[in-house]
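# A closer look at the structure
As a plain string of letters, each chain reads:
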Amino acid sequence: NRVFQSTAGFLSRGMRRMARSIPAQVKTRIFSKPSLRTVGFAGLGCGAASLMACNLIPEATPAHAQELKDSVKIVLQTEEQPTLDDMKIFSGTANFTLANEIAEELGVPLGNLSIKTYADGEIGIQVNENVRGKDIYIIQPTCPPGVNDNLMELILLVSTMRRASARKITAVIPYFGYARQDRKMQSRVPISAADVCRLLEAMGVDRVVAVDLHCGQIQGFFGPRTPCDNLEGSVVALPHFANLNLKSESTIVASPDAGGVHRAKHFRDRLKKRFGIDAGLAMIIKQRLRANAIERMDLVGNVEGCDVILVDDMIDTAGTLTKAASELTARGAKRVFAYATHGLFNGPAVSRIEKSELEQVVICNTVPLSPAAAQCAKIKQLSIAELLGEAIARIHYRKSVSVLFKK
């Protein structure tokens, strides 16, 4: 017991002298890494104090425990709060326009980065500025065209920043490719969404920010040391629909399939909470013949004489969306709108939308529009830069991100 007491007193006095003797700027560098800060001093001091508090050292007095706790506080308080100078925003080639908008929202310039493709198809990356000790935010959706190229580019960007001694690396992935392959639907197939998460973790990413993942459980594919924030793109779309002169008694929010009912219900609840539009809820049950091919649709709910908002996470070939709009119109719907966070518009999607009964299709700019989609009068694109910019700022300054969705 006397040995433990002497050790506790020695640790307490030694840590106090160390904390007072090291210059402030050196303290910040030494204790900037969580591993050193937590395991090195806080773990040692709090561990010894916990032994005393648990009476594992019977004759230890509360004064020893308090001395150790005070010493730990002195060391931990030397860490300065992050500043805007500690933040660096970099963009891949997948959606440079969105990255530039986010940088403008944050008031910081995009980082200087060179990305080129060699003759054999390999990707070459070089960071043209110092990132040592900085908090890096890489904006790169893994979207079409070139899903695999964009994914490889993101992996190499994370690796480059890690090898360049960045302090923390956050991958901002507005559209998460391979998200639809999130489980085994048949034998001898990969769970590709999980494999992508493991690749990013292996490269050394510290945090991931995504927008409306196809399945929220994808967050669990990352380990507990790599938090994943799933932002809700509907926050951007709600004000747009509130300005369409919708009435509570004649507005229905519908899901184009059974799996998206929770998403549609969430959209309806937010529409009521923020704008007082108490819409109804409907659901379409679809029977798929194969991927991107639907055999039949059944409607659950009454839409006669109502304005209907179809809510989904993405639009791929628009087959589901346009057939759902036809079914709703046949059941007496007055106007049919559609909202999806991610507008991929692959294959015949644009021509299907132009020929459909849809009044308007609202999407976010998580994926850059093709020239044909940009010219379509029925497609309305909203910017998600403000939401992502505020989320990045809150993460950087260690504030709550969930506050963004409680307004």
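Residues numbered from 1 in each chain as written. Predicted model: local features only at pLDDT ≥ 70, side-chain atom pairs only at ≥ 80, totals over all residues. Heavy atoms only, no water.

## Let's talk about the nonpolar core
Quick note on the threshold: Residues belong to one nonpolar core when they are buried, are Ala, Val, Leu, Ile, Met, Phe, Trp, Tyr or Cys, and are joined through side-chain atoms within 4.5 Å. Think of it in three bands: with a 1.4 Å probe and only protein chains considered, a residue is buried below 20% of the maximum accessible area for its type, exposed above 50%, and partly exposed in between. Note on conventions: DSSP H or I runs of at least 4 residues are helices, E runs of at least 2 residues are strands, and numbering of each starts at the N terminus. Contacts: residue pairs with any heavy atoms within 4.5 Å of one another.
Counting residues in each nonpolar core, the largest one holds 42 residues, and the members touching the most others are Leu231, Phe241 and Leu388. Sort the elements by how many residues they give to this core and helix H13 (residues 385-396) lands first, with six residues. What leucine 231 contacts, discounting residues up to four positions off in sequence, is Val209, Ala210, Val211, Asp212, Leu387, Leu388, Ala391, Val401 and Phe405.

## Focus: the sheet that holds strand E4 (residues 135-139)
Heads up, the rule is: Two strands are counted as paired when DSSP detects at least two bridges linking them. Angles shown run from 0 to 180 degrees and are taken between the N-to-C directions of axes, each axis being a line fitted to C-alpha atoms and, for helices, limited to the stretch in contact.
The strand order across the open sheet formed by five strands is E1-E4-E5-E6-E7, and the pairing between neighbours is parallel. Of all strands in the sheet, those bounded by a partner on one side alone are strand E1 (87-91) and strand E7 (228-231). Across the sheet, the mean angle from the axis of one strand to that of its neighbour is 20°, orientation sign disregarded. Bridging between strand E5 (residues 168-173) and strand E6 (residues 207-211) involves four bridges; their strand directions are parallel. Within the sheet, the bridge partner assigned to alanine 171 lies in E6 and is valine 208.

## Details of the side chain of threonine 142
Stated formally: Nitrogen and oxygen atoms within 3.5 Å of one another constitute a polar contact, given that in protein one can donate a hydrogen and the other can accept it, and given that sequence-neighbouring residues count only through two side-chain atoms.
Mapped onto the elements of the fold, threonine 142 is located in the loop between E4 and helix H6 (147-163). Judged by its relative accessible area of 4%, threonine 142 falls in the buried class. Looking at threonine 142, its side chain comes within polar contact range of the main-chain nitrogen of glycine 177, at 2.6 Å.

## Here we look at the confidence of the model for the protein chain
In plain terms, the rule: Known as pLDDT, the predictor's confidence for each residue is given on a scale from 0 to 100.
Looking at the protein chain as a whole, the pLDDT averages 86, with 78% of positions reaching at least 70. Here residues 25-46 is a poorly scored stretch, pLDDT under 50, and it has 35 contacts once near neighbours within four places are set aside; other chains count. Contacts for the low-pLDDT stretch residues 48-59, under 50 throughout, to residues beyond four places or in other chains number 17 contacts.

## Quick word on the pattern of salt bridges
As a working rule, side chains carrying opposite charge can pair if their charged atoms are close by. To keep it simple, the criterion reads: Each salt bridge in this description consists of a side-chain nitrogen of Lys or Arg and a carboxyl oxygen of Asp or Glu lying within 4 Å of one another.
As enumerated under the stated definition, the model contains 14 salt bridges in all. Where aspartate 135 meets arginine 167, a salt bridge forms, and the shortest distance between an N and an O atom there is 3.2 Å. Of this pair, aspartate 135 sits in strand E4 while arginine 167 sits in the loop between H6 and E5, placing them 32 residues apart in sequence. According to the relative accessible area criterion, aspartate 135 is buried, its value standing at 4%. With its nearest N and O atoms 2.7 Å apart, the salt bridge here joins arginine 162 to aspartate 206.

## Focus: the packing of H6 against helix H7 (residues 192-203)
Operational definition: Roughly parallel refers to an angle under 35 degrees, roughly antiparallel to one over 145, roughly perpendicular to one between 65 and 115, and oblique to any angle outside these ranges. In this scheme the handedness of a crossing depends on how the near helix is turned from the far one: anticlockwise by less than a right angle means left-handed, clockwise means right-handed. Polar here means any residue other than Ala, Val, Leu, Ile, Met, Phe, Trp, Tyr, Cys and Pro, which are nonpolar, and Asp, Glu, Lys and Arg, which are charged; Gly is therefore polar.
For the pair H6 and H7, interaxial distance at closest approach is 8 Å and the crossing angle is 20°. Considering the angle they form, H6 stands roughly parallel to H7. Seen from above, H6 lies across H7 with right-handed handedness. Mapping the contact onto sequence places Leu151, Leu154, Ile155, Val158, Ser159 and Arg162 in H6 and Val196, Leu199, Leu200 and Met203 in H7. Residues that form the contact of H6 with H7 fall into these classes: eight nonpolar, one polar and one charged.

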